[in-house]
Number of protein chains: 2
Amino acid sequence: MNMIDTQLKDFCQKNTIQNQQLNMARGNPCQEQLDLSNELLTCVNKMNCITRDGVDVRNYGGIDGINEAKDLFSKYMDVNVTEIIVAGNSSLNLMYNALALALIQGTTNGPGWLSQGAIKFLCPTPGYDRHFSLCESLGIQMIAVPLNEDGPDMDIVENLVKSDHLIKGIWCVPKYSNPTGICYSDETINRLAFMDTAAGDFRIFCDNAYAVHHLGNKGTQIANLLEACKLASNPERAYLFGSTSKLTFPGAGVAMVAASEKNISYFRKQLGFQTIGPDKINQLRHVNFFQDIDGLMTHANLHANILRKKFDVILDVFDQYLSSGNLASWRRPDGGYFISVNLLPGCAKKVVDLAKTFGLTLTPAGATFPYGYDAEDRNIRIAPSSLTVEDAKLASEILCKCIVSVSSSVHPNLHN
Amino acid sequence: MNMIDTQLKDFCQKNTIQNQQLNMARGNPCQEQLDLSNELLTCVNKMNCITRDGVDVRNYGGIDGINEAKDLFSKYMDVNVTEIIVAGNSSLNLMYNALALALIQGTTNGPGWLSQGAIKFLCPTPGYDRHFSLCESLGIQMIAVPLNEDGPDMDIVENLVKSDHLIKGIWCVPKYSNPTGICYSDETINRLAFMDTAAGDFRIFCDNAYAVHHLGNKGTQIANLLEACKLASNPERAYLFGSTSKLTFPGAGVAMVAASEKNISYFRKQLGFQTIGPDKINQLRHVNFFQDIDGLMTHANLHANILRKKFDVILDVFDQYLSSGNLASWRRPDGGYFISVNLLPGCAKKVVDLAKTFGLTLTPAGATFPYGYDAEDRNIRIAPSSLTVEDAKLASEILCKCIVSVSSSVHPNLHN
């Protein structure tokens, strides 16, 4: 054990975290956040289980959601009420559904993707590991493209999509991207909407997971992708997915997909074969709980107040331990759930492994890249939400010490 | 308007149902049934949202359901606790998932069905329209086989599956079949389990929708298909689907799939790519509400008490109006949600249309057959549940008068 590791061990022992589990791996909200929504559990009862249209939410029916939920969440997603389906508890499941539908039955402007050959998706990296594992599980080939400060590198994207009709889509998290926290510029949004694609049935899978999940005092506004696609005469190009997983209960929120009326009509028809309807009681709970979009925004602020402290303490520790050298680079996100840290080449896996020995669990190194392959082994993703402020401080101190230790070991000639 | 229709019109006017809507089309539980489960709405609150294993059901995780739900519903489905996944609110959606998975990625013993050619399913008829529309939407060819009093005609089934490797599955509702209400005999179950299939990846899609939905004083017991498949050394052959849609709330129940451990392990892995987990709060609600399998069975009896009266009044009207002639044949079901009536050839569509003009909506004629095609135009499905006992009587009287009217018109030489 080298000197730095000995110091780290001493530090952990002093802070009595030996055998304690600190977890920065997943963006699970903490209990304090969950408690913000407890009223949701009981806000629909036998006295108020009928919608404004007279629908008993306990019974069958209503394939695309109750009208009051469509009203509320169309504002949340910034689309028309005719451009949304409010569904079950998982937006990831809606993404899967949209992919499975396209693969088997096709889209509004093309036959089943499986019948067209070995199709591919563009994956801006670093990105969300579950987008990538979903593609991998479905046999969709992934092509990594760099994610810059203003979105995917559009020169590369445009060049790829214009010549290969088997490139059928791109994953995008345009607002507070997972994990870097960047927001797409208006120019990026427009180029995505207007670019020439060899595939007539090209789709942007836009995960709007952090629509109102700001950390600053006011949220960042970004251009409306669906509107841009309409302006570009590519109205069918954008699928927008969202949920309340990080606003109410991650396991029992409400998810939604927004798209052009033509796409929504296609989804609605196909959904009608696949289910008799979503859990309308839970939709009504959410409407009763939030009341309206202002209530939802106010609620989002309560989450931001809890999360901001954790992000601040971690970023302060990073500044304190890592700013003087060139061991790591990161950015202070304006929203979202993650901090992305780039280390020196060859260090990410070793840092994650070392941290684990000190009781700190991180997202596996490489997870933010397709096939889990980070060619430079540099990127790690930090998820602050589930820890207390005190544990977030401790965890980030351990992480920084691990970074210092591994960096000096992998790059022994480095002058920090 | 002939004499019978004039009498019918007079009858409707006397009973003031002109412009009133009577609906026997779908098996929606009535309000009295929904009210049986109102406690479910509020039985999980901020004080009891942690499982026995310490899982906070509000947060992410638990891909295959909470352990207490797996315990309860494995008893309900008569399988081991390792042979079940408890999921969201829709068993139809689980059937779709299993089909989409098999089509795209394949099964535990074969590659993706789409890669193998134009695959086919056997459809015992009359059967459940949503099974058929699901197949049709996915491009799966359907082959109708007769449903007898003891299950599908197994001579025909065995003959078909042994020679065509593109026949990948069969739909079965072995208990209180939709719509005829018959139960499969032990011999049928065993022949399904043991039969030789050309397809090594053949699957029985068994919709166990009416597991405890008896109408008599005690439920019918049928052989266990999963156990039979194990005995036959075809353990992967059976997928069993179930839900609480007709025990608690149709829109917000809990659905489940049961199968061999190998199949369940495969489903669990693939589900892990498609969602972060089901609504665990709603699962805990169901466990808290039912307490245990005895509680669930007691609750099922409360439903039976409500439903039995409606079935009885309708069957009594049938006896009164139709038993003396040969205009229709039907059976008194021991459970389930439907009564299946066979008319004289060429009469079903006309009866449904005529009933509609008198304010009575029935399931579209032909719906109980693949592609909506009832070659003899004979079968209609009656769904008594959503009506009051009084309306059920009125509706079945209208129906009988329509049957008499149409029969005499289509078959003028008939001596009734």
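The numbering scheme is per chain: residues are counted from 1 as the chain's sequence reads. Whichever chain is written first is A, and whichever ligand is written first is 1; the rest continue in order. For this predicted model, a pLDDT threshold of at least 70 governs which residues receive local features, and a threshold of 80 or more governs which side-chain atom pairs are given and counted, while totals over whole chains, interfaces and linings are taken from all residues. Each side-chain value is derived from all of the structure's non-hydrogen atoms; neither hydrogens nor water enter the calculation.

Per an unreviewed UniProt entry, the recorded name for chain A is Aminotransferase class I/II-fold pyridoxal phosphate-dependent enzyme, and the organism is Halioxenophilus aromaticivorans.

(A) Expanded view of the overall build of chain A. Strands are runs of DSSP state E lasting at least two residues, helices are runs of H or I lasting at least four, and both sets are numbered from the N terminus onward. Of the regular secondary structure elements, chain A holds 13 helices and 13 strands. Note on method: radius of gyration uses C-alpha positions; expected globular size equals 2.2 Å times residues raised to 0.38. A globule of 416 residues ought to have a C-alpha radius of gyration of about 22 Å, and chain A, at 22 Å, matches this closely. Its C-alpha atoms put chain A at 70 × 55 × 35 Å along the principal axes. Residues count as neighbours in contact if any of their non-hydrogen atoms are within 4.5 Å of one another. Relative to all contacts within chain A whose residues are 6 or more apart in sequence, the contacts with residues 24 or more apart total 77%. Per-residue accessibility takes into account occlusion by the displayed protein chains alone, with areas from the Shrake-Rupley method and a 1.4 Å probe. When the accessible surface of chain A is split by element, carbon and sulfur atoms take 49% of a total near 15,200 Å². Taken as two groups, the 36 positive and 42 negative side-chain charges of chain A have centres that lie 4 Å from each other. Note on charges: Lys and Arg go in the positive column, Asp and Glu in the negative column, and His and the chain ends are not counted at all. One atom stands in for each charge, and that atom is NZ of Lys, CZ of Arg, CG of Asp or CD of Glu.

(B) Up close: the relation of the copies chain A and chain B. Here the copies are superposed with least squares, the fitted atoms being C-alpha atoms of residues at a pLDDT of at least 70 in both. Mapping chain A onto chain B calls for a rotation angle of 180° and an axial translation of 0.0 Å; the resulting RMSD is 0.0 Å. The two molecules are tied by a two-fold rotation axis, judged by turn and shift. Among all residues of chain A, the minimum C-alpha distance to the rotation axis is found for T42 of chain A, at 2.5 Å. Interface overlap between copies is the fraction of interface residues in one copy that are interface residues in the other; for chain A against chain B it reaches 100%, indicating a shared surface.

(C) Structural detail: the sheet that holds strand β11 (residues 339–343) of chain B. Residues and elements named next belong to chain B. Paired strands, as defined in this entry, are two strands with at least two bridges between them according to DSSP. The strand order across the open sheet built from 3 strands is β10-β11-β13, with neighbouring strands paired in antiparallel fashion. Because the sheet does not close on itself, it has two edges, and the strands there are β10 (328–330) and β13 (379–382). When the angles between neighbouring strand axes are averaged without regard to direction, this sheet yields 25°. Pairing of β10 with β11 involves 3 bridges; the strand directions are antiparallel. By the bridge assignment, W330 is partnered in β11 with V341. Axis definition: a line fit to C-alpha positions, over the contact stretch in the case of helices; interaxial angles, taken between N-to-C directions, run 0 to 180 degrees. Against the sheet, helix α12 (residues 348–357) makes contact with β11 and β13, and its axis sits at roughly 40° relative to β13, the strand it touches most.

(D) Representation of the interface of chain A and chain B in the model. Contacts between the two partners involve 53 residues from chain A and, on the opposite side, 53 residues from chain B. We define buried area as the total accessible area lost by two parts upon association, computed with a 1.4 Å probe and summed across both. When residues of chain A are sorted by the area they lose upon contact with chain B, L41, R58 and Y60 of chain A head the list and together hold 17% of the total. Here a salt bridge means any side-chain nitrogen of Lys or Arg lying within 4 Å of a carboxyl oxygen belonging to Asp or Glu. Linking chain A to chain B there are 2 salt bridges. In this structure, the salt-bridge partner of R58 of chain B is D35 of chain A, at a minimum N-O distance of 2.8 Å. We define a polar contact as two N or O atoms separated by no more than 3.5 Å, with the added condition that, inside protein, one atom must be a possible hydrogen donor and the other a possible acceptor, whereas residues neighbouring each other in sequence contribute only through side-chain atom pairs. Here chain A is connected to chain B by 18 residue pairs in polar contact (both at pLDDT 80 or more). Elements with a minimum of two residues in the side of chain A that touches chain B: α2 (31–35), α4 (91–104), α5 (129–137), α9 (261–274) and α10 (280–290) of chain A. Per-element tally for the side of chain A that touches chain B: the top contributor is α4 of chain A, with 8 residues. A breakdown of the residues in the side of chain A that touches chain B according to their chemical character gives 22 nonpolar, 22 polar and 9 charged. Three categories are distinguished: nonpolar for Ala, Val, Leu, Ile, Met, Phe, Trp, Tyr, Cys and Pro, charged for Asp, Glu, Lys and Arg, and polar for the others, with Gly belonging to the last.

(E) Region of the structure containing the pattern of salt bridges. All names here are of chain A. For the structure on display, the rule yields 36 salt bridges over all chains. For the salt bridge of D155 with R191, the shortest nitrogen-to-oxygen distance reads 2.6 Å. With D155 in helix α6 (residues 154–161) and R191 in helix α7 (residues 186–194), this residue pair connects regions lying 36 residues apart in the sequence. Between buried and exposed lies partly exposed: a residue is buried under 20% and exposed over 50% of the maximum accessible area for its type, with that area taken using a 1.4 Å probe on protein chains only. Residue class for R191 comes out partly exposed when judged on its relative accessible area of 23%. Among the charged side chains, a salt-bridge network with shared partners connects D155, E158, E187 and R191.

(F) Here's a closer look at the domain arrangement of chain A. Residues and elements named next belong to chain A. Each assigned domain of chain A is listed here: domain 1 (3–27 + 297–409) and domain 2 (49–291). A straight line from the C-alpha centre of domain 1 to that of domain 2 covers 29 Å. Taken together, the contacts link 28 residues of domain 1 with 32 residues of domain 2. Carbon and sulfur atoms supply 59% of the area buried between domain 1 and domain 2, which totals about 2,500 Å² over both sides. The three residues of domain 1 that bury the most area against domain 2 are R331, P370 and Y371, which together make up 22% of that side's buried surface. One can count 2 salt bridges joining domain 1 with domain 2. A salt bridge links R26 to D129; the nearest nitrogen and oxygen atoms lie 2.8 Å apart. Our enumeration of links across domain 1 and domain 2 arrives at 14 residue pairs in polar contact (both at pLDDT 80 or more). Here the side of domain 1 that touches domain 2 gets 9 residues from one element, more than from any other, and that element is helix α11 (residues 293–322). Of the residues that constitute the side of domain 1 that touches domain 2, the class distribution is 13 nonpolar, 10 polar and 5 charged. Domain delimitation follows an automatic or database domain assignment.

(G) Expanded view of the sheet that holds strand β4 (residues 141–148) of chain B. All names here are of chain B. Judged by pairing direction, the sheet is mixed, and its 8 strands sit side by side in the order β2-β9-β8-β7-β6-β3-β4-β5 without closing on themselves. For this open sheet the edge positions go to β2 (84–86) and β5 (151–152), each flanked by a neighbour on one side alone. Note: strand β6 (residues 167–172) against strand β7 (residues 203–207), 4 bridges, orientation parallel. If you follow C172 over to β7, its bridge partner there is C206. Each of β3 (120–125), β6, β7, β8 (238–243) and β9 (255–258) is contacted by helix α4 (residues 91–104), which is oriented at about 155° to β8, the strand it contacts most. Against the sheet, helix α9 (residues 261–274) makes contact with β2, β7, β8 and β9, and its axis sits at roughly 30° relative to β2, the strand it touches most.

(H) Examining the pairing of strand β9 (residues 255–258) of chain A more closely. Residue and element names in this part refer to chain A. Residues of β9 alternate between two faces, with A255 and V257 on one and M256 and A258 on the opposite face, all of them buried. Bridging between strand β2 (residues 84–86) and β9 involves 3 bridges; their strand directions are antiparallel. The partner of I84 across the bridge, within β9, is A258. Note that strand β8 (residues 238–243) and β9 share 4 bridges and pair antiparallel. Residue pairing in the sheet places L240 in a bridge with A258 of β9.

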